[in-house]
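# Architecture and fold: a report
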Amino acid sequence: MARETMNAGKLGSLARFTAALAANAPELAHLEGPRLRLDKVVGDAQEVAKQQAAFVASKQDASKRLKTLVNEGQRLATGISRLLTENYGLRSEKLAEFGMQPFRGKKVKQEKPEPPAPPAAPHSTNS
């Protein structure tokens, strides 16, 4: 059997191995019990792989639906927040209850005095 690293590759290798065992079953009668058990395990694994693929597809659909619903919710919340601002007023502290920032006026910047420029160093020439 070849060395596979991914589950799909391993499952494919096992399926080919069980097919080869089944084709040579008359010569390997002493391995009939383990061969049948391996055949059942590989069949079950293939069924689980199919289920996993279906779950991946449904997860992708659910992710798309979730994104759509979140976007719609954000649009609705934005509209409602505008209506709340209209209802309570731009400066109302009641807006904070809804997680919104009331307008509290613009902060006035205080002028910082400019630091005096450092005195220019005398320019010396070396001769």
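Structure: above.
Scoring rules and cut-offs
Residues numbered from 1 in each chain as written. Predicted model: local features only at pLDDT ≥ 70, side-chain atom pairs only at ≥ 80, totals over all residues. Heavy atoms only, no water. Helix = DSSP H or I, 4+ residues; strand = E, 2+ residues; numbered from the N terminus. Contact = heavy atoms within 4.5 Å. Expected span 1.5 Å × (residues − 1). Buried < 20%, exposed > 50% of the residue type's maximum accessible area, 1.4 Å probe, protein only. 1 Å grid on protein atoms, 1.4 Å probe; cavity = no way out; pocket = protein on both sides within 12 Å on 5 of 7 lines; lining within 4 Å. Points joined across faces, edges and corners; volume = space filled by probe spheres on them. Nonpolar A, V, L, I, M, F, W, Y, C, P; charged D, E, K, R; others polar.

## Regarding the environment of E32
As for its placement among the helices and strands, E32 is situated in helix α2 (residues 32–88). Separated by eleven residues in sequence, E32 and L21 place their C-alpha atoms 9.2 Å apart.

## Digging into the side chain of R35
With respect to the secondary-structure elements, R35 resides in helix α2. Setting aside residues up to four positions removed in sequence, R35 forms contacts with L21, A22 and A25.

## Some remarks on helix α1 (residues 7–23)
For α1, with 17 residues, the first-to-last C-alpha span of 24 Å sits near the 24 Å given by 1.5 Å per residue. Among the residues of α1, those classed as buried are G9, L11, S13, T18 and L21. Those residues of α1 that are buried are in contact with α2.

## Topic: the layout of surface pockets
Put simply, the largest pocket is a space of about 160 Å³. Taken together, N7, A8, L11, A45, V48, A49 and Q52 form the lining of the largest pocket. Contributions of two or more residues to the lining of the largest pocket are made by α1 and α2. By residue number, the principal contributor to the lining of the largest pocket is α2, which donates four residues. Its residues assigned to classes, the lining of the largest pocket shows five nonpolar, two polar and no charged.

## Thoughts on α2
Counted at 1.5 Å a residue, the expected span for α2 with its 57 residues is 84 Å, and the 81 Å between its end C-alpha atoms agrees. Looking only at α2, the buried set comprises R35, V42, S81 and L84. Structurally, α2 contributes buried residues whose contacts are with α1. Count one or two residues on from α2 and you reach G89, which has phi positive near 105°.

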